[in-house]
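As a plain string of letters, each chain reads:
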Amino acid sequence: MTLFSESKYLKDLCDITFSSYEHGWDERNGGNVSIRLTEDDLSDFDDVSETKREYDLGFDASAVSGQYFLVTGSGRYFRNVIKRPELDAGLVRISDDGSKAELRWGFEDGAHPTSEFPTHLMSHIERLKADSSQRVVMHCHPTNFVALSFTQDLDERSISRLLWKMQAESLVVFPEGIGIIPYMTPGTNEIGKATAAKMADYRVVMWPHHGIFAVGSDPDETYGLIETVEKAALIYSQICAQGGSVKQEITDEQLHELADAFGVTGNPEFLDWNK
Ligand code: 13P
Ligand code: ZN
């Protein structure tokens with residue numbers, strides 16, 4: 001078995017996949033994570049110079065050719081990654097022509113990258129344009145957030161505002177709000193393109209009736225972003241469970257005060273004035 005204990009990012013991957021499972025956001029094989037590694041991070045793995053297998057990507061990923069990604073395996077359970085990371089996770093290098101992923105470590109019993117790898121890579125490519133420090137893409141199925149996609153209009157402004165008003169933390173953690181794509185078939189290049197297009201403006205994208213995609217600069221931050229969104233959705237579910245009538249709420253004026261106090265800029269299209 002290949003040693004892996006030196007890689008901080010592999011440990012982080014184990015940590016966030018297991019925490020996500022414990023929250024109930026990853027039934028069976030639900031969810032996937034990818035982390036872009038730099039050359040410096042590779043020294044934590046045993047020799048990664050040899051390509052063990054190749055996977056066709058099915059789209060042109062030349063924008064990240066030569067880059068390395070630690071990624072969870074398709075069909076693998078978040079519950080198990082912590083117990084057997086060398087089977088359920090893999091380190092791949094994107095080929096020079098951008099058409100293939102070259103396996104350099106992991107997936108030792110024959111697994112291949114998540115079926116959502118096109119969405120992950122397209123999202124990495126998009127976020128790299130906005131912020132080169134962002135290296136994590138995480139997908140999972142947070143229960144209350146998914147439930148919102150049934151009860152609310154699939155409108156970015158109204159869902160962002162609803163989540164902002166559930167707790168003071170929301171606006172501070174996701175001031176740009178939430179991007180939403182239409183319901184689409186998972187695992188396709190089409191859903192990847194639609195998600196990446198939203199990633200130009202948002203770090204969180206709702207997949208209606210399915211789950212969430214989130215990006216961040218490190219695993220903790222990305223996981224914390226999802227936790228915060230889901231906590232807001234949970235509070236909304238509890239309000240509905242308590243009868244749904246709200247006697248007071250965070251006002252828009254208070255949202256503006258929050259943004260000022262924490263030095264963030266709330267999406268101006270989603271904030272109202274004089275309310
Ligand atoms: P994978 O098992 O291929 O990662 O798919 C899980 C999932 O959540 C699909 O959206
Ligand atoms: Zn999914």
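Residues numbered from 1 in each chain as written. Chains lettered and ligands numbered in written order. Predicted model: local features only at pLDDT ≥ 70, side-chain atom pairs only at ≥ 80, totals over all residues. Heavy atoms only, no water.

- An unreviewed UniProt entry lists the chain under the name Rhamnulose-1-phosphate aldolase, from Ligilactobacillus ruminis.
- Reading the Pathway (unreviewed entry) entry of the UniProt record for the chain gives the comment "Carbohydrate degradation; L-rhamnose degradation; glycerone phosphate from L-rhamnose: step 3/3."
- One UniProt comment on the chain, placed under Sequence similarities (unreviewed entry), says "Belongs to the aldolase class II family. RhaD subfamily." (UniProt positions renumbered as here; feature names shortened; annotations may be inferred.)

1. Digging into the UniProt feature "binding site: Zn(2+)" (unreviewed entry) in the chain
Item 1. Taken from the UniProt record, the annotation "binding site: Zn(2+)" (unreviewed entry) applies to His139, His141 and His210. The named residues occupy 72 residues along the chain; their greatest pairwise C-alpha distance, 10.0 Å, places them in one compact cluster.
Item 2. The buried category is assigned to His139, whose relative accessible area is 1%.
Item 3. Once residues lying within four places of it in the same chain are set aside, the contact partners of His139 are Asp26, Gly31, Asn32, Phe78, Glu116, His120, Trp207, His210, Gly211, Ile212 and Phe213.
Item 4. Along the polypeptide, His141 turns up in the loop between β6 (136-140) and α6 (143-151).
Item 5. Judged by its relative accessible area of 15%, His141 is buried.
Item 6. Discounting residues that sit within four places of it in the chain, His141 has contacts with Gly24, Trp25, Asp26, Glu27, Gly30, Gly31, Val146, His210 and Gly211. (Buried < 20%, exposed > 50% of the residue type's maximum accessible area, 1.4 Å probe, protein only. Contact = heavy atoms within 4.5 Å. Helix = DSSP H or I, 4+ residues; strand = E, 2+ residues; numbered from the N terminus.)

2. Re the pattern of salt bridges
Item 1. Under the defined criterion, the tally for this structure stands at 18 salt bridges.
Item 2. The salt bridge involving Arg157 is made with Asp272; its shortest N-O contact spans 2.3 Å. Of this pair, Arg157 sits in helix α7 (residues 156-164) while Asp272 sits in the segment after α11 (252-262), and the two are 115 residues apart along the sequence.
Item 3. Look at Arg157 and you get partly exposed, because its relative accessible area is 29%.
Item 4. Residue class for Asp272 comes out buried when judged on its relative accessible area of 14%.
Item 5. Salt-bridge contacts for Glu176 lead to Arg203; the nearest nitrogen and oxygen are separated by 2.6 Å. With Glu176 in the loop between α8 (168-173) and β7 (179-180) and Arg203 in the loop between α9 (189-199) and β8 (204-207), this residue pair connects regions lying 27 residues apart in the sequence.
Item 6. Salt bridges sharing partners connect three or more residues here, namely Arg157, Arg161, Lys165, Glu249, Asp252 and Asp272. (Salt bridge = Lys/Arg side-chain N within 4 Å of Asp/Glu carboxyl O.)

3. Some thoughts on the sheet that holds strand β2 (residues 53-56)
Item 1. Strand order across the open sheet formed by nine strands is β2-β5-β4-β3-β1-β6-β9-β8-β7, with mixed pairing between neighbours. The outermost strands of the open sheet, each flanked by one partner alone, are β2 and β7.
Item 2. Sheet analysis places β2 next to strand β5 (residues 100-106), joined by four bridges and oriented antiparallel. Bridging across to β5, Glu54 finds its partner in Glu102.
Item 3. Relative to strand β9 (residues 211-216), helix α10 (residues 219-241) is tilted by about 140°, and along the sheet it contacts β1 (32-37), β6, β8 and β9. (Pairing = 2+ DSSP bridges. Axes fitted to C-alpha atoms, helices over the stretch in contact; angles between N-to-C directions.)

4. Some remarks on the coordination of the zinc ion (ligand 2)
Item 1. Every protein donor of the zinc ion (ligand 2) is listed here as His139 (NE2), His141 (NE2) and His210 (NE2), and their distances to the metal cover 2.0 to 2.1 Å.
Item 2. Along the chain, the residues that donate to the zinc ion (ligand 2) are spaced as H-x1-H-x68-H. Of the two residues, His141 sits in the loop between β6 and α6 while His210 sits in the loop between β8 and β9, which places them 69 residues apart along the sequence. Take His141 and His210: they sit in the same class, and that class is buried. (Donors = N, O, S within 2.8 Å, 3.2 Å for Na, K, Ca; no water.)

5. A short note on α7
Item 1. The buried fraction of α7 is high, at seven of nine residues.
Item 2. Taken together, the buried positions of α7 are Glu156, Ile159, Ser160, Arg161, Leu162, Leu163 and Trp164.

6. Here's the deal with the packing of aromatic side chains
Item 1. Taken as a whole and judged by the stated rule, the model has seven aromatic pairs.
Item 2. Where Phe18 meets Tyr21, the ring centres are 6.0 Å apart and the plane angle is 40°; that geometry is what we call tilted. Placement of both Phe18 and Tyr21 in helix α1 (residues 8-22) is noted, with a separation of three residues, approximately one turn of the helix.
Item 3. What makes Phe18 partly exposed here is its relative accessible area of 25%.
Item 4. Since its relative accessible area comes to 31%, Tyr21 is described here as partly exposed.
Item 5. Between Trp164 and Phe270 the ring centres are 6.2 Å apart and the planes differ by 50°, which places this aromatic pair in the tilted class. (Phe/Tyr/Trp six-rings, centres within 6.5 Å; stacked < 30°, edge-to-face > 60°.)

7. Digging into the environment of Glu22
Item 1. Tracing the chain through its elements places Glu22 in helix α1.
Item 2. We classify Glu22 as exposed; its relative accessible area is 57%.

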